[in-house]
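Residues per chain are reported as follows:
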Amino acid sequence: MSGITPSGHPHGGITPSGHPHGGSTPSGNLHDGGAPRPAAAPIRILIVDDHPVVRDGLRGVLERDPDFTVIGEAGDGAEAVELYERQPADVVLMDLRMPRMGGVEAIKRLLRGDPEARILVLTTYDTDSDVMGALAAGATGYLLKDTPREELTRAVRSASSGQSVLSPAVTGRVLGQVRKPTQGPLSDRELQVLRLIADGATNRQAAAALFISQATVKTHLLHVYEKLGVKDRAAAVSEAHKRHLFQ
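Residues numbered from 1 in each chain as written. Predicted model: local features only at pLDDT ≥ 70, side-chain atom pairs only at ≥ 80, totals over all residues. Heavy atoms only, no water.

Q: What exactly am I supposed to notice about unusual backbone geometry here?
A: Negative phi values dominate among residues other than glycine, just as trans dominates among peptide bonds. The phi angle at Arg100 is positive, at roughly 65 degrees, despite the residue not being glycine. Looking at where Arg100 falls in the secondary structure, it is placed in the loop between strand 3 (91-94) and helix 3 (103-113). With phi around 60 degrees, His244 is a residue other than glycine that occupies positive phi space. Mapped onto the fold, His244 is located in the segment after helix 10 (233-242). The exposure class of His244 is partly exposed, given its relative accessible area of 26%. (Helix = DSSP H or I, 4+ residues; strand = E, 2+ residues; numbered from the N terminus. Buried < 20%, exposed > 50% of the residue type's maximum accessible area, 1.4 Å probe, protein only.)

Q: What is the right way to look at the packing of helix 2 (residues 77-86) against helix 3 in this model?
A: In a packed pair of helices, the relevant descriptors are the angle between the two axes and the axis-to-axis distance. Running from amino to carboxyl end, helix 2 crosses helix 3 at an angle of 20 degrees, the nearest separation of the two axes being 9 Å. Between helix 2 and helix 3, the angle is such that the two are roughly parallel. Where helix 2 crosses over helix 3, the handedness of that crossing is right-handed. Contacts between helix 2 and helix 3 involve Gly77, Ala80, Val81 and Tyr84 on the former and, on the latter, Ala106, Arg109 and Leu110. Of the residues that constitute the contact of helix 2 with helix 3, the class distribution is 5 nonpolar, 1 polar and 1 charged. (Axes fitted to C-alpha atoms, helices over the stretch in contact; angles between N-to-C directions. Parallel < 35°, antiparallel > 145°, perpendicular 65-115°, else oblique. Left-handed = near helix turned anticlockwise from the far one by under 90°. Contact = heavy atoms within 4.5 Å. Nonpolar A, V, L, I, M, F, W, Y, C, P; charged D, E, K, R; others polar.)

Q: Explain the environment of Leu58 to me, please; I cannot follow it from the model alone.
A: Tracing the backbone through its elements, the reader meets Leu58 in helix 1 (residues 52-62). For Leu58 and Arg149, which are 91 residues apart along the polypeptide, the C-alpha to C-alpha distance reads 9.2 Å. Among residues more than four places away in sequence, those in contact with Leu58 are Ile47, Leu122 and Leu152.

Q: Whenever I open this one, the environment of Val193 confuses me. Can you help?
A: For Val193, the position within the fold is in helix 7 (residues 188-198). Residue classification places Val193 among the buried positions, given a relative accessible area of 0%. A sequence separation of 14 residues divides Val193 from Ala207, and the C-alpha atoms of the two residues are 8.4 Å apart. With near-sequence residues (within four places) excluded, Val193 lies in contact with Leu210, Val217, His220 and Leu221.

Q: Mind showing me how you'd approach the pattern of salt bridges here?
A: Two side chains that carry opposite charge are able to pair once their charged atoms sit near each other. Going through the model one piece at a time under the given rule, you end up with 14 salt bridges. Put simply, Asp65 and Arg157 hold a salt bridge, and the shortest N to O gap is 2.5 Å. Here Arg157 lies in helix 5 (residues 149-160) and Asp65 lies in the loop between helix 1 and strand 2 (68-74), a separation of 92 residues in the sequence. Under the relative-accessibility criterion, Asp65 is labelled buried at 16%. Salt-bridge contacts for Arg97 lead to Asp130; the nearest nitrogen and oxygen are separated by 2.6 Å. Of the two residues, Arg97 sits in the loop between strand 3 and helix 3 while Asp130 sits in helix 4 (residues 128-137), which places them 33 residues apart along the sequence. (Salt bridge = Lys/Arg side-chain N within 4 Å of Asp/Glu carboxyl O.)

Q: Help me understand the sheet that holds strand 5 (residues 141-144) in this model?
A: Sheet strands line up and pair through hydrogen bonds in the backbone, either parallel or antiparallel. Within the open sheet, the 6 strands sit side by side as 2-1-3-4-5-6. Their pairing is parallel. Each edge of the open sheet carries a strand with a single partner, namely strand 2 and strand 6 (165-166). Lying on the sheet, helix 3 is in contact with strand 3 and strand 4 (119-123); it crosses strand 3 at an angle near 165 degrees. (Pairing = 2+ DSSP bridges.)

Q: Looking at this structure, how should I read the packing of aromatic side chains?
A: In this description, an aromatic ring pair is defined by two values, namely the gap between the centres and the angle between the planes. The full count for this structure, using the stated rule, is 0 aromatic pairs. When the ring centre of Tyr125 is taken as origin, the NZ or CZ atom of Arg97, which lies over that ring, is 3.8 Å away. (Phe/Tyr/Trp six-rings, centres within 6.5 Å; stacked < 30°, edge-to-face > 60°. Lys NZ or Arg CZ within 6 Å of the ring centre and 35° of its normal.)

Now the structure itself:
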């Protein structure tokens, strides 16, 4: 995999941030008065992944570097939220597909409690829906698990200072989505129709439930298909779930 380039800096450098969880000044510099600055505190990391072997591997990689300390591990999103509330981390390394609570929902809840939380997705999934769902939820960056160790540690440093980080493969997907024609969000009525269809309603049943005609239901569905880029009911329901439209 080619290198990960942190965004926001012309030379790929890491700019210290004013975030309360990170951004310490490197040791060895001098204050105006000439006294040496205190040593920088390690970047505190919370690892979230449902595979213990993966967590162990990440801990081993990260803690080889004195700039990092792993303050906790969680096996799913719900546990991650609980741990973070007790002890906030500078960077959360977040997998996406986990039991109980997945990564996207965990990202939303973490940011609800701490809008400045830095959450770096680290996953094997690189589909458009996974990438865009995580970034839309507020992830600071998105990496794949085949990222080399040096690039992972660089990305963690960048995330801790508030910089967005994307692996090259993910960058291509994001650009592809940005370049697609904008089709707009589903309207409230379109979502109502699609929810009923997802629950198994026929056009006749959906029309009766919403006190509209079957022709109107069909019109709403055609608009839904166009906006979601699909061709039938099953694909529309599947795409809506991928985009978390029913939450």
